[in-house]
Each structure stands twice: as C-alpha cells, then as structure tokens.
Amino acid sequence: MSSERFEVTLEESEKSIQLIIRGELDLAAAKAFRQALEAVVHREDKALILNLKDLNYIDSTGIGIVVSTLKIRDEIKSPFAVHDIPPGIRKLFDLTGITGFLNEGIEGSV
C-alpha cells in the first residue's frame, strides 16, 4: 500500500466544527488525529463533524478513535456526525457494526 500523507483541516462555522480528514488514518497517523480531536471533542457549544470525503484508508486504530469520539460526544450530549463516507470505508464501518451509530446528517450544521 502506498502511504498517502495524513492531514486534518479544521473548519469552524457558527453551528459546527468540521474536521476534514485526508489520506490514510492508521497507527502512524493516530497521534495527529487524536491531537486534532482533543482540541474540539469536549466543546459542547457546536456540533462536531468528521468529513471523510478524502480519506483513503482507515485501520482498527482509526476506527477505535472514531468510536471513542462517538462515546465522548454521547456522554456530554453534544451532536456528532460523520459525513461523506467513501464506499470502501463505509463497507468497513458496516462490517464492524458502527454505521448505525454514526449520524450522517445534522440539520443546519454546516
């Protein structure tokens, strides 16, 4: 597998914080992903959105971070959604059983 550079871009609007994920989210990128999330995951004032449109690969470490984020946002009762899931990654989410827990649309969030 050719390694594609992992990047996280943060876009904040009046109602939401969107993290746009690019490249490959694997063990090597986990630290950078966690750091980006730490800055915003506990913010209760805005919806948190992960946009995966440019994500090419995710491994179990990345899936674990998404699940942890889901749990944190649920505990603080703040909106969390995952948008633009590529077909290959959606299939993996389906196989792991987390698709049903991912809100793919927050009304008026962007």
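Rules behind the numbers
- Just so you know, the residues in each chain are numbered from 1, in the order the chain's sequence is written.
- Where local features are concerned, this predicted model is filtered to residues with pLDDT of at least 70; where side-chain atom pairs are given and counted, the filter is 80 or more; whole-chain, interface and lining totals use all residues.
- Side-chain descriptors were evaluated using all non-hydrogen atoms of the structure, hydrogens and water having been removed beforehand.
- UniProt positions are given in the numbering used here, feature names are shortened, and annotations may be inferred rather than shown by experiment.
- Two strands qualify as a pair provided DSSP detects at least 2 bridges between them.
- Secondary structure counts use DSSP, requiring at least four H or I residues in a row for a helix and at least two E residues in a row for a strand, with both numbered from the N terminus.
- Fitting a line to C-alpha atoms yields each axis, with helices limited to the stretch in contact; the angle taken between N-to-C directions then spans 0 to 180 degrees.
- Contacts were defined at the residue level, with two residues in contact if any of their heavy atoms lie within 4.5 Å.
- Only protein chains enter the accessibility calculation, which uses a 1.4 Å probe; a residue whose area is less than 20% of its type maximum is buried, one above 50% is exposed, and one in between is partly exposed.
- By convention a crossover is right-handed if, when the strands point away from the viewer, the path from the first strand over the helix to the second runs clockwise.

For the protein chain, the name recorded in an unreviewed UniProt entry is Anti-sigma factor antagonist, with Paenibacillus oryzisoli as its organism. UniProt, in the comment section headed Sequence similarities (unreviewed entry), describes the protein chain in these words: "Belongs to the anti-sigma-factor antagonist family."

Colleague: Please give an account of the sheet that holds strand β3 (residues 47-58) that cites residues and values.
Modeller: On the basis of which strands lie adjacent, the open sheet formed by four strands has the order β1-β2-β3-β4 and mixed pairing. Single-partner strands in this sheet number two, and they are β1 (7-12) and β4 (80-83). This sheet shows a mean twist of 20 degrees between the axes of neighbouring strands, independent of strand direction. Across six bridges, β1 lies against strand β2 (residues 16-25) in antiparallel orientation. Across the sheet, Leu10 pairs through a bridge with Leu19, a residue of β2. This element, helix α1 (residues 30-38), spans β1, β2 and β3 of the sheet and lies at about 180 degrees to β2.

Colleague: I'd like to hear about the pairing of β2, residue by residue, with values.
Modeller: Counting buried positions along β2 yields nine of 10 residues, so the element is predominantly enclosed. Where β1 hands over to β2, the hairpin turn is made up of three residues, counted between the paired strands. With nine bridges connecting them, β2 and β3 associate as parallel partners. Considered in β3, the bridge of Glu24 is made with Tyr57. Handedness of the crossover joining β2 and β3 through α1: right-handed.

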